[in-house]
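Observations on chain architecture
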Amino acid sequence: GIVFVNPPISQEERYGALSAGGSCLPPLGLCHLAAVTREHGFETTIVDSEALKLNIKETAAEILSRNPKFIGITSSTIAIHHAAKLAQTLKEQNSAAITIVGGPHVTAVPEETMSAFPQFDIGVIAEGEATIVDLLKTLGENGPLEKVKGIVFRQQNTVQLTDRREFIKDLDSLPMPAWDLLPSLPKYYRSAAQNVKKIPSASLVTTRGCPGHCTFCDRKVFGNACRAFGADYVLKMIRHLHFHYGIRDIHIKDDTFTTFRGRLTQICQALIREDWDLSWSCLARIDHVNPEILRLMKKAGCWQIQYGIESGVQEIVNLYKKGINLEQAGQSVRWTKEAGISALGFFIIGSPSETPATIEKTIKFIKELDLDDFQLSFLTPLPGSELYETARQYGSFENDWRKLCEYRVNFVPNGLTKETLEKYHRKACLEFYFRPRIIFTYLKRIKNPKLFLEMLKIAYLVLIKPALCPSRK
């Protein structure tokens, strides 16, 4: 059989100072893979060590207790060293199981990953459902690995990369995610407190691929063409989460949920018709909404939309190849609020052309927008992104995979310092949140005592503790 693994990584490593308010989301990618391998007759289980808070040793013991023939480990960039250490621990304990690594990191830099970590036997590149079945069947028959599309492996001490596999055209052909193989959804998983209205909450991904060309984004797993699960499939997933797990709030993580207008309308109309008393939130491009669709989304239970705006300086937005204008951003936020939906804006500081003046302009712009919430990250050149290849042309880049997290400074543009970026990050948070309107909005919104305590903890860690300990690194 095969055991799929979400490797151990702490909230502190993943979210830095924001660890108290970080999310712990179900590994939906593993749930889709597990559903497919199970459907094809492979004995399948999942070990989510992040949710269960297991360390490397405990995770290895849990995996080996299941006596698997194959071990599939998913990993982002920040977790890849943990994934490799887990694979090494398994090898040291004389496990004969074949270790297979997948996820965004190995997809972005396959040869580098396999060369750096010999404890991985095989890597699965990009979308994995068809590839993992083909790979397991080939391994079971001792067939030639070079004929399996979408993998990277070692052959005679060299790393071999096979042809890319075509993306799945009909996503509705996939079985429902294997949530039943995870620990209890309501008990072990949570979205970030600022993205939740009711609890228990769960996340969903209903599209794959993004047509955007943002320089800070890695799109190699699902590509630049956007594909979507049909409205009926999405409703089936929501119904299952609500009635089997008691989920009352859905956080839709798609980059492009509002892209397919007809599908969005069908989903909203079905939610209105079913009347499950669910709240939900989603991400959207500012150029993909209008007053009519926003009113329909509100009626269907949407309470928050998150927009990637990135900067208050149009030249920096253009540098990111975002394809939007800031006047448009202001209009879409106004429309969102007029529809009765909360608006959250994502912003980044530390672009290649950033200066103290441009950061000040961004902070001013953030406050001028009628946002209810915002999230400010440090520019992080992730493997697979355009900026990963060019970052050193524009400043100093600490390319340590263990530190490539948007909540830590790892890229400093020429003319700025790490301390300056951290100072402006705190200034933006203080000036945004310590306004009567924002405080009142939070007090009115967070009726659940657990969520309220989480938000107080985040406020202390981000806004107050740095002032008490200014030398904090």
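It should be noted that the structure appears before, not after, this text.
All of these numbers come straight from a predicted model, not from anything done at the bench. (Residues numbered from 1 in each chain as written. Predicted model: local features only at pLDDT ≥ 70, side-chain atom pairs only at ≥ 80, totals over all residues. Heavy atoms only, no water.)

In this fold, Thr37 is placed in helix α2 (residues 28-39). Under the relative-accessibility criterion, Thr37 is labelled buried at 0%. Separated by 3.2 Å, the side chain of Thr37 and the backbone oxygen of Ala34 make a polar contact. (Helix = DSSP H or I, 4+ residues; strand = E, 2+ residues; numbered from the N terminus. Buried < 20%, exposed > 50% of the residue type's maximum accessible area, 1.4 Å probe, protein only. Polar contact = N/O pair within 3.5 Å; in protein donor to acceptor, adjacent residues only side chain to side chain.)

Take the nonpolar core next. Side chains that are nonpolar tend, in soluble globular proteins, to be buried together. In terms of nonpolar packing, the biggest core is built from 100 residues, with Ile132, Leu135, Trp179, Trp280, Met297 and Phe374 touching the most fellow members. When near neighbours in sequence (up to four residues on either side) are disregarded, Phe374 contacts Gln194, Leu344, Gly345, Phe347, Ile366, Ala428, Cys429, Phe432 and Tyr433. Judged by nonpolar contacts, the second largest core, of 38 residues, contains Ile56, Val152, Val313 and Tyr388. (Core = buried A, V, L, I, M, F, W, Y, C linked by side-chain atoms within 4.5 Å. Contact = heavy atoms within 4.5 Å.)

Moving on to the pattern of salt bridges. This model, assessed by the stated rule, comprises 23 salt bridges. In this structure, Asp277 engages Lys198 in a salt bridge whose closest nitrogen and oxygen atoms are separated by 3.2 Å. Residue Asp277 is found in the loop between α11 (261-274) and β12 (279-284), and its partner Lys198 is found in the loop between α9 (185-188) and β8 (201-204); the two are separated by 79 residues along the sequence. Overall, Asp277 belongs to the exposed group, its relative accessible area being 52%. (Salt bridge = Lys/Arg side-chain N within 4 Å of Asp/Glu carboxyl O.)

Helix length check: helix α14 (residues 326-338), at 13 residues, gives a terminal C-alpha distance of 18 Å against a target of 18 Å (1.5 Å per residue), a fit within 8%. Taken together, the buried positions of α14 are occupied by Leu326, Ala329, Gly330, Ser332, Val333 and Thr336. Mapping the buried residues of α14 onto a view down its axis gives an arc of 165°, with all of them on the same face. Those residues of α14 that are exposed and angled more than 90 degrees off the buried face are Glu327 and Glu338. Where α14 is buried, its residues meet α12 (291-299), β13 (302-310), α13 (314-319), β14 (342-349) and α15 (356-368). For α14, the N-terminal capping position is held by Asn325, with its side-chain oxygen 3.2 Å away from the main-chain nitrogen of Glu327. Just beyond α14, the residue with positive phi is Gly340, at close to 90°. (Expected span 1.5 Å × (residues − 1). Arc of directions from axis to C-beta.)

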